[in-house]
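Structural characterization, general
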Amino acid sequence: MTWEFTSHEHECADLKTLERLMTQHAAKGHCMIKGMLNKPLVKESRAGSTDSQAPTDLLILDLDGLPEILETTSPGGQVISTKLTLELFLAEMGLQDISYLVQWSASYGINDNRIRAHVAMYLDKMYAAPLLKQWLIRRTMTCRYSATAWNSPRLATPFAGHSISARARTTS
């Protein structure tokens, strides 16, 4: 049953390990529960099994049907339509130089080409979950409004004097 979960705990500090673990467990029909479990799960519900307020250094973006087209308006009033890609979305969020792992949804591309995926990235340090949530809300609102501007500046300090940083991509 979908509410009967048995946990398999792993330490994971990088995207290569995360990808390996997700691939191994997906092949077995397992799912990922983000966060530290309060106790091991044995054929039981996962509800309340993690502390959603706990600090984390793993950010998971749950993209559930982002639009296919991004429309921007130039200062002269010209409307420009651009195909929205995952890379463009991450750039709009200020995350263009960050390494990430994408897990495409099973429904991606079936009825339309809206972006449906989980995007995982490790942060440079632990952040309080409420701070990350507020930062994401602020970034999402900024992206919505910046879509009407031609070259809108990115927020230097996204939320109440705090800046969120993630591990930069490397070429190795």
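Note that residues are indexed from 1 along each chain, following the sequence as it is written. A pLDDT threshold of at least 70 governs which residues receive local features in this predicted model, and a stricter bar of 80 or more applies before side-chain atom pairs are shown or counted, although totals over entire chains, interfaces and linings include all residues. Derived side-chain values reflect all non-hydrogen atoms in the structure, with water molecules and hydrogen atoms excluded from consideration.

**With respect to the overall build of the protein**
In terms of helices and strands, the protein carries 3 helices and 5 strands. Secondary structure elements in the protein, listed N-terminal to C-terminal, are α-β-β-β-α-β-β-α. Burial analysis of the protein (172 residues in total) assigns 30% to the buried set. By definition in these notes, contact holds between two residues if any of their heavy atoms fall within 4.5 Å. In the protein, 64% of the contacts between residues at least 6 apart in sequence involve partners at least 24 apart. Under the convention used here, a 1.4 Å probe and the Shrake-Rupley method define accessible areas, while residue burial counts only the protein chains that appear. Split by element, the accessible area of the protein, about 11,300 Å² in all, is 54% carbon and sulfur. Secondary structure elements follow DSSP: runs of H or I no shorter than four residues count as helices, runs of E no shorter than two count as strands, and numbering proceeds from the N terminus. Only protein chains enter the accessibility calculation, which uses a 1.4 Å probe; a residue whose area is less than 20% of its type maximum is buried, one above 50% is exposed, and one in between is partly exposed.

**Quick word on the side chain of His25**
Secondary-structure assignment places His25 in helix α1 (residues 15-27). Here a polar contact means two N or O atoms within 3.5 Å. Within protein one must be a hydrogen donor candidate and the other an acceptor candidate, and residues neighboring in sequence count only if both atoms are side-chain atoms. Polar contacts involving the side chain of His25 include one to the side chain of His30, which spans 2.8 Å. Those residues in contact with His25, other than ones at most four positions away along the chain, are His8, His10 and His30.

**With respect to the nonpolar core**
In this text, buried Ala, Val, Leu, Ile, Met, Phe, Trp, Tyr and Cys residues form a nonpolar core when linked through side-chain atoms within 4.5 Å. Among the nonpolar cores identified, the biggest contains 21 residues, and Leu61, Leu63, Phe89, Leu90, Leu95 and Met121 are the most heavily contacted of them. Counting residues per element, the ones that place at least two in this core are β1 (56-66), α2 (86-92), β5 (115-127) and α3 (129-146). Per element, the largest residue contribution to this core is 5 residues, and it comes from β5. Among residues more than four places away in sequence, those in contact with Leu90 are Leu61, Leu95, Gln96, Tyr100 and Met121. Counting residues in hydrophobic clusters, the runner-up holds 6 residues, among them Leu15, Leu18, Leu58 and Tyr122.

**Brief notes about the pairing of β5**
Both β1 and β5 contribute to a ladder of 9 bridges, which runs antiparallel. Looking at the pairing, Asp64 lines up with Arg116 of β5. Sheet topology note: the strand β4 (residues 101-104)/β5 ladder contains 4 bridges and is antiparallel. Following the sheet pairing, Val102 is matched in β5 by Val119. If DSSP finds at least two bridges between two strands, the strands pair.

**Overview of the pattern of salt bridges**
Here, a salt bridge means any Lys or Arg side-chain nitrogen found within 4 Å of an Asp or Glu carboxyl oxygen. Tallying each qualifying case throughout the model produces 1 salt bridge. For Glu44, the salt bridge goes to Lys39, with nearest N and O atoms at 2.6 Å. According to the relative accessible area criterion, Glu44 is partly exposed, its value standing at 23%.

**A short note on the environment of Trp104**
Looking at the element boundaries, Trp104 is found in strand β4. Residues contacting Trp104, with those up to four places away along its chain left out, are Leu86, Ile115, Arg116 and Ala117.

**Quick notes on the sheet that holds β5**
Strands sit in the order β1-β5-β4 across an open sheet of 3 strands; the sheet is antiparallel. Edge strands, defined here as strands with exactly one partner in the open sheet, are β1 and β4. Each strand of the sheet is rotated relative to its neighbour by a mean of 25 degrees, with strand direction disregarded. Structural elements are reduced to axes, namely lines fitted to C-alpha atoms, with helices fitted over the stretch in contact, and the angle between N-to-C directions of any two is expressed from 0 to 180 degrees.

**Notes on the environment of Thr72**
Inspection of the secondary structure assignment puts Thr72 in strand β2 (residues 69-73). On the accessibility criterion, Thr72 (16% relative accessible area) is buried. A C-alpha to C-alpha distance of 8.0 Å links Thr72 and Thr82, two positions 10 residues apart in sequence.

**Section: the confidence of the model for the protein**
Here the protein averages 76 in pLDDT, while 80% of its residues score no lower than 70. The least confident element of the protein is α3, whose mean pLDDT is 74; the most confident is β5, at 88. Confidence of the predictor in every single residue is expressed as pLDDT, which spans 0 to 100. Contacts for the low-pLDDT stretch residues 145-172, under 50 throughout, to residues beyond four places or in other chains number 59 contacts.

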